[in-house]
Amino acid sequence: LPWTNPSTWSSTSEGARVEAVPGGELLEPEVLRSQDGVLRVDLVAEARVTEVAGRRAQVLTYNGTLPGQTWQVRPGDRLEVRLRNELDTATNMHTHGLVVSPQGNGDNPFISIAPGESFDYRIDLPEDHPTGVFWYHPHRHGTVADQLFGGLYGAIIVTGDEVPVSRDRSLIVSDISLTTDGTIAPVSAQEVMMGREGDLVLVNGQHKPRLAARPGERERWRVINACTSRYLRLAQPGQDLELLGVDGGHEPAPRAVDEVLLAPGNRADLLVTMRNGTSELRTLGYDRGGMGMMGAGMSGPVTLATLAVTGQDTGTTRPVPERTADPDLRERPVDRRREIAFTMTMGGAMMGPGGMGEMMDLGFDGRAFAADRVDQQVAAGAVEEWTITNPTPMDHPFHLHVWPMQLIETDREPVLEPTWRDVVNVPTQGQVRVLVDFSRHPGRSVYHCHILDHEDAGMMATVETG
Ligand code: C2O
Ligand code: CU
């Protein structure tokens, strides 16, 4: 795949793009719940004309909607998903963040489902699976970014030990660019290079939806960053936000926060205790670095939704029960240490739409993804310490499938509380250190940059254990 020095290329893609029609009550995807320990889903991936941001648009959908249905399961449940591919490109499915087997019909990223074909996934959650918010999306190397940007994503909620609230909401944040004829805007070379960000930021497929609540009510918001490249710095000035957890990790007690940074792929579990007034759920700007190009790596500030809290205080806020602390992998000996580096290396010169550019190869440790090469061979049952460095000029979110990561150091600052993540942002010129628990689920899977244009370009590698 050609990666070129973008300074020689024009920065916008062709074709006029549309503005969205804002407003509308926030809608939530249909929730499918497991029964007797099993959730069976017939899942069809297909292009559809539907309404996005108040306009008719031809997008990609799971079962006809954007986002797809929400799957609600409990630890110990089994997910049986028959995925039928009605797209015109190959696809597959990844249950992002679930700690489940990567083999066979499990969360296997090496499956490729051709157009017109289907595949039966069977995914068994262990009895002690963490609760929280996870998600499903395509993972066929080479088509991931296009398929997510087109609209293929949905929430998975693992329930069990929640804080009691007056209302649960799932907010799936994504972005998309549409042309005036309602098709998905083509991506420019620079957008691919930097990781594309859509013109329209959507919450559950809606543009700037409205939320209403009454004072004193307490809600749980499960926010998923399903954008292919955009970083979200979530803030809700005027309301009290408390963080319950990120990804599959839990705070020991709700922690008051002004903002939460969600790299692509991250999720936040938030408590919002409603106070009178009208406010906005926003993402603040985040500079993710940009090859020396002005603004190229900027995830700009955007209003995601408006919140109106009116009426008499309901007084329904209940105390937060104590919860068992997350396990601490530091109590186990480290079997092996390794270093892994994001790399962007200059290759030869090549021609692009705007003239000559220099080719750039994306990968880890100087190599682009190869499905049949094992990049990290891990001993069965090991605990490993991985140092992930980023010598490149932009941030990259590091995502490891299947095996949970405990963050122990970010930019040479130790992390003291047990902090579990499945996506960890590695800032430009920075490093993070994690412990990885390989004690279960032997098999082969991948780690990759969750800027999905980077993943498709080769910033992915394999890990095998067992
Ligand atoms: Cu959410 Cu391997 O991806
Ligand atoms: Cu990246």
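Above: the structure in question.
Residues numbered from 1 in each chain as written. Chains lettered and ligands numbered in written order. Predicted model: local features only at pLDDT ≥ 70, side-chain atom pairs only at ≥ 80, totals over all residues.

1. Considering the sheet that holds strand β19 (residues 267-273)
The strand order across the open sheet built from seven strands is β12-β11-β10-β14-β19-β16-β17, with neighbouring strands paired in mixed fashion. The open sheet has two free edges, formed respectively by β12 (206-207) and β17 (255-257), since each of these has just one partner strand. Pairing geometry for strand β16 (residues 240-246) and β17, over three bridges, is antiparallel. Counted as the bridge partner of Leu241 is Val257 from β17. (Pairing = 2+ DSSP bridges. Helix = DSSP H or I, 4+ residues; strand = E, 2+ residues; numbered from the N terminus.)

2. Thoughts on the nonpolar core
Within the largest apolar cluster, 112 residues are counted, with the highest numbers of intra-cluster contacts made by Ile156, Val173 and Val223. Look past the residues within four positions of Ile156 in its chain and what remains in contact with it is Trp71, Thr95, Leu98, Phe134, Trp135 and Tyr136. (Core = buried A, V, L, I, M, F, W, Y, C linked by C-beta atoms within 7 Å. Buried ≥ 20, exposed ≤ 12 C-beta atoms within 10 Å, placed from the backbone. Contact = placed C-beta atoms within 7 Å.)

3. Quick word on the sheet that holds strand β26 (residues 376-378)
Whether parallel or antiparallel, the strands of a sheet pair through hydrogen bonds between backbone atoms. Here five strands make up an open sheet; going across it, the order is β26-β35-β34-β28-β32 and the pairing mixed. One side of each edge strand has no neighbouring strand; the edge strands of this open sheet are β26 and β32 (423-426). Averaged over neighbouring strand pairs, the angle between their axes works out to 20° when direction is ignored. Bridge count between β26 and strand β35 (residues 460-465): three bridges; the pairing is parallel. When the bridges of β35 are listed, Val378 appears paired with Thr465. (Axes fitted to C-alpha atoms, helices over the stretch in contact; angles between N-to-C directions.)

4. Observations concerning unusual backbone geometry
Look at the link from Leu66 to Pro67: it is a cis peptide, with omega at -5°. Residue Asp365 is not a glycine yet carries a positive backbone phi of 55°. The partly exposed category is assigned to Asp365, around which 13 C-beta atoms lie within 10 Å. Even without being glycine, His441 reaches a positive phi, approximately 60°. Along the chain, His441 falls in the loop between β33 (431-437) and β34 (443-449). The class of His441 is buried, set by 20 C-beta atoms lying within 10 Å.

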